[in-house]
Amino acid sequence: MVFSLCLKVAEPEEASLIPRRPLCSVTTGLVIIGCLLLLLCGGWLLGTMFWLHGSSNNEPHKPPSPAAAGGQTPSSNTTQTGVHVAAASTRQEACSLIPETWRFDCYPERYIVVTKELCEARNCCFIPASSSTSHPSGGNGIPWCFYPPDFPSYSLRSINNTSLGQKGTLVKEVKTYYPEDIFTLELEMRYETNTRLRVRITDPSEPRFEVPVSVPTATMNAENPDYVVELSKNPFGLIVKRKSTGMVLVNTTVAPLFYANQFLQFSTVLPTPFIYGLGEHRSTFLHDVHWNTLTMWARDVPPTEKTNLYGAHPFYLAMEEGGNSHGFFMLNSNAMDVALQPAPALTWRTIGGILDFYIFLGPEPGSVIQQYMEVIGYPAMPIYWAMGYHLCRWGYKTSNSTWDVVRSLRNYGIPQDVQWNDIDYMDKFMDFTYDPTNFGTLPDLVKDLHAHDQRYVIILDPGISSTQPEGSYWPYDEGLKRGVFMKDDENRTLIGKVWPGLTAYPDFSDEVTHEWWYDNLQKFHQKVPFDGLWIDMNEPSNFLDGSTHDCPSNHWEYPPYTPSVLGDLLRAKTVCASAQQKLSLHYNLHSLYGLMEAKASASALKRITAKRPFVISRSTFPSQGMYSGHWLGDNRSQWKDLYTSIAGILTFNLLGIPLVGADVCGFSEEPQEEMCVRWTQLGAFYPFTRNHNALDMKPQDPTAFSPLARTAMKQALLLRYSLFPLLYTLFHHAHVHGHTVARPLMFEFPKDVKTYGIDKQFLWGQSLLVTPVLNPGVDSVVGYFPEALWYDYYTVRATPTKRHHLAVNSTPLPSGVLLEIIENGSYVLHAPLDKINLHLREGSITPTQTPNLTLWVSSGQPLHLVSALTEDGSATGDLFWDDGESIDTFETNQYAYIVFNVTKVLALTFFFFFFFFLNYATRPVNIKQIQQYKDYFSLTKTHQTRQRRAEIQVTL
């Protein structure tokens, strides 16, 4: 049938009078119908194209079928092929537009050569990179497989205001390539303070493991936050800006959010390449952002580059353009990779827990650390002798030989506060025992140390021997009875192997274990009255991989993704990830083991000694500074280790553990005399200084070297002891205010970009600059001096240079103080073998005292002041003083705090008097003398109950 379509068109009255026929014909009708059909077909075709393109996005992780991998069948529709080609071309073009520095790795698994097929099975871009630093498999370098812009992620479904900030719901509809996706998440943003933002992303349907570290609980919204929060809805993204400058601190829109049961990941833009922290790793202080993956999973291994070491600290400090800084803390204890890339950007990739992170606004770097300490806890105030000289070695072999070394140091007048023993003091390497044959005189040695105002520290490993006859070893028998040991997946006591042989591991996440630990320490203290604890091997370390019964083959031992841990398995040289503990599986608690043992140890020592506890731990985690210090592990007697130790102590001061140091002279390998002298000089300015070396190595205490070397070491240690009032005051500020003790130069000069990468010099506090020699065979050292007036600590004469004001003598002195300017701010300083260069910053007053063989004796000597005046004749300083050992003296107002100020009023009249009295910069002044000259100085004091606070105002 043929339909005739007639259209009658109305005409205006002015139209032609010639009669017109209606516009009606079969041909015209067919043309119109054809046009309509063509429009319908075109719409269908376009819809099909969008549907095909969209389907690849909706199921991006489904592996291609063998047929699809082999190409189209001969009967494939030509039009459909064209659509696929067009879609693929569009995807390829979008991928090619992503700069190499902005590629976020879609295939981070190691040891897999990622092919185009593997990559596209994850719906990701595959483009081999041009650079030699690229990689086709998981690792450091430009990724070949990376996320496209349209990779499926979460969308923000709803957002509501709360009393603390905002809560929202995140929803995802597409499965990823890791199992057990969580499709609905709860987003919570807490505006906790004006400088602290907390963000939590959790599973609202099921509780997940959260780190059992106490953090502040905010009760109200910040009134005037220094940050602005913006949210991207689809895909979801979080953007945090600094309100004052508009600087973007966090921007997670650059890559998709993953939240599966055992794979959580997000990426963020970094506003700067100047990134610090992220411990524990051996590296420079300033991290390299050029494709650098830092793995966190506590591991027993000597300090090695690009390796996860003893502790885990997911916190970084970033220096922004213009001198501002901010911090970021990820509160997560599971194994993780933190991937830095040169965009600059960073990816957090963890395999458990939740996403719970803080952003600290600073803006000064010191303020960032204070804000971080407010969350994780301020470090404890150390007992006074913790700041003395400590001596140890593995291989004294007998208590008498240990005693001989102590006597030798006394005879040479070398200061020493603490003697240690390594595991050779134990009976068969078993905790809470001592060898009755070789160390039979150990109790007498400790008694002698105490008689000379010295202290004794023992080592303990967590592994408890499990092979002794029943009833013969109380720690194991009692531990079994109380059920304090970790269990395997079949609820048996997990048995590993360390120094005493087969061992069980205490579960320090259980308070019952803490009480058992205290009981053991108390019983042993009655035999050997030790003063402090060195807790080693607490990653926990294991000579086996897992246990004597192996580990089960399950998703805890073999997660869908394993971070780049040394040994490739979570159980490598530790216990099974599936081991059972009181709070959770070891999978979640592993990196917390050292923290929990430190907490139990500090608590026990407080009860036993009724004094501040001294604990040094190898494994650490955020908040550890509340319970222990840290040493940097089993380093080597090499010049490189000498240098990298500075980065280590600076990093741990950022991480809230200021009581930190490296083994002076190196632990393993034979030390060279010159290196040991230089290391002792540097070690004298570690916050914690201990000389320690390994079994069968030559002795390396100061008495083991030539008279010249021995004298140089002695002078360095006496110098440390003379500066004890300053060091003690710095630790007070760390405890009360969250300050650093050993401090990077950038903290005091944040606008000087030249300071950002300096890790060959450092400060004590604000004003004492340490410039050590770090190379062999030299008698000079290059130092950088930021814009200020600097005084040589030893031989000052106020003759400042024109630009950077470094005050030195105008002519060389016998000690060899020389100066050569090599560039603006950098100088060559003479550094003979018996000297470490120290400089005082203008405007500072440094308290000192006459040194003696122990800090207890030294602390009874007169105090002196070293004043380094500014060009206008002013200076300030302070002193914190208490009995050195009582718990919570500041909190209970049992202390003295004195503030010193110098102000020049009539320079002409009083200059010569003050020059004579203070030598204008560094000659000591006795506090008692200041009081005697009250006619010249105004002195004001304020008294409180059990507390003394004084301000001494010196007016010139």
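Residues numbered from 1 in each chain as written. Predicted model: local features only at pLDDT ≥ 70, side-chain atom pairs only at ≥ 80, totals over all residues. Heavy atoms only, no water.

- Where an unreviewed UniProt entry is consulted, the chain appears under the name Lysosomal alpha-glucosidase-like, with the organism given as Sphaeramia orbicularis.
- Regarding the chain, the UniProt comment filed under Subcellular location (unreviewed entry) reads as follows: "Membrane".
- Under the Sequence similarities (unreviewed entry) heading, UniProt states for the chain: "Belongs to the glycosyl hydrolase 31 family." (UniProt positions renumbered as here; feature names shortened; annotations may be inferred.)

## A closer look at the sheet that holds strand β26 (residues 464-465)
Phase 1 of the analysis: Judged by pairing direction, the sheet is antiparallel, and its 3 strands sit side by side in the order β26-β28-β27 without closing on themselves. For this open sheet the edge positions go to β26 and β27 (495-498), each flanked by a neighbour on one side alone.
Phase 2 of the analysis: When β26 meets strand β28 (residues 501-504), the two strands line up antiparallel, connected through 2 bridges. Counterpart to I464 in the pairing with β28 is A504. (Pairing = 2+ DSSP bridges. Helix = DSSP H or I, 4+ residues; strand = E, 2+ residues; numbered from the N terminus.)

## As for the state of the cysteines
Phase 1 of the analysis: As enumerated under the stated definition, the model contains 5 disulfides in all.
Phase 2 of the analysis: Disulfide partner of C95: C125, at an S-S distance of 1.9 Å. A torsion of -70° about the S-S bond marks the disulfide between C95 and C125 as left-handed. On the criterion of sequence distance, the pair formed by C95 in helix α3 (residues 78-96) and C125 in strand β3 (residues 125-126) is long-range, its members being 30 residues apart. Here C95 matches C125 in class, with each residue buried. (Disulfide = S-S within 2.5 Å. Buried < 20%, exposed > 50% of the residue type's maximum accessible area, 1.4 Å probe, protein only.)

## Remarks on the pairing of strand β9 (residues 184-193)
Phase 1 of the analysis: Of all 10 residues in β9, 7 are buried, a share of seventy percent or more.
Phase 2 of the analysis: Sheet topology places strand β8 (residues 165-171) next to β9; 7 bridges connect them, and they run antiparallel. Counted as the bridge partner of G165 is R190 from β9.
Phase 3 of the analysis: Where β9 lies against strand β10 (residues 196-202), 7 bridges are found, and the strand directions are antiparallel.

## Considerations on the environment of H590
Phase 1 of the analysis: By the secondary structure assignment, H590 is in the loop between α10 (586-589) and α11 (593-609).
Phase 2 of the analysis: The spatial distance from the C-alpha of H590 to the C-alpha of R571 is 9.9 Å, given a sequence separation of 19 residues.
Phase 3 of the analysis: Not counting the four nearest positions on each side in its chain, H590 is found in contact with W297, A298, E539, P540 and T574. (Contact = heavy atoms within 4.5 Å.)

## Looking at a nonpolar patch on the surface
Phase 1 of the analysis: Residues F429, W499 and F543 make up a contiguous nonpolar surface patch of about 260 Å² in total accessible area.
Phase 2 of the analysis: Locating F543 in the fold gives a position in the loop between β29 (532-535) and α10. (Patch = residues over 30% accessible without salt bridge, like charges linked within 9 Å, V, L, I, M, F, W, Y side chains within 5 Å. Areas by Shrake-Rupley, 256 points an atom, 1.4 Å probe, with all protein chains shown as cover. Salt bridge = Lys/Arg side-chain N within 4 Å of Asp/Glu carboxyl O.)

## Some remarks on the packing of aromatic side chains
Phase 1 of the analysis: Counted by the stated rule, this structure contains 56 aromatic pairs.
Phase 2 of the analysis: Between Y177 and Y178, the ring centres sit 4.9 Å apart and the planes meet at 55°, which makes this aromatic pair tilted. When sorted by exposure, Y177 lands in the same class as Y178, which is buried.
Phase 3 of the analysis: Where Y476 meets F485, the ring centres are 5.5 Å apart and the plane angle is 25°; that geometry is what we call stacked. (Phe/Tyr/Trp six-rings, centres within 6.5 Å; stacked < 30°, edge-to-face > 60°.)

## Examining the pairing of strand β43 (residues 837-841)
Phase 1 of the analysis: Across the 5 residues that make up β43, a large majority, 5, are buried.
Phase 2 of the analysis: By the alternation rule, side chains of β43 split into N837, H839 and R841 and L838 and L840, which are all buried.
Phase 3 of the analysis: Of the strand pairs in this sheet, strand β37 (residues 768-771) and β43 are connected by 4 bridges, and their pairing is antiparallel. Pairing of L768 across the sheet is with L840, part of β43.
Phase 4 of the analysis: Two elements, strand β39 (residues 790-792) and β43, share 3 bridges in a ladder whose sense is antiparallel. Bridged to D792 within β43 is H839.

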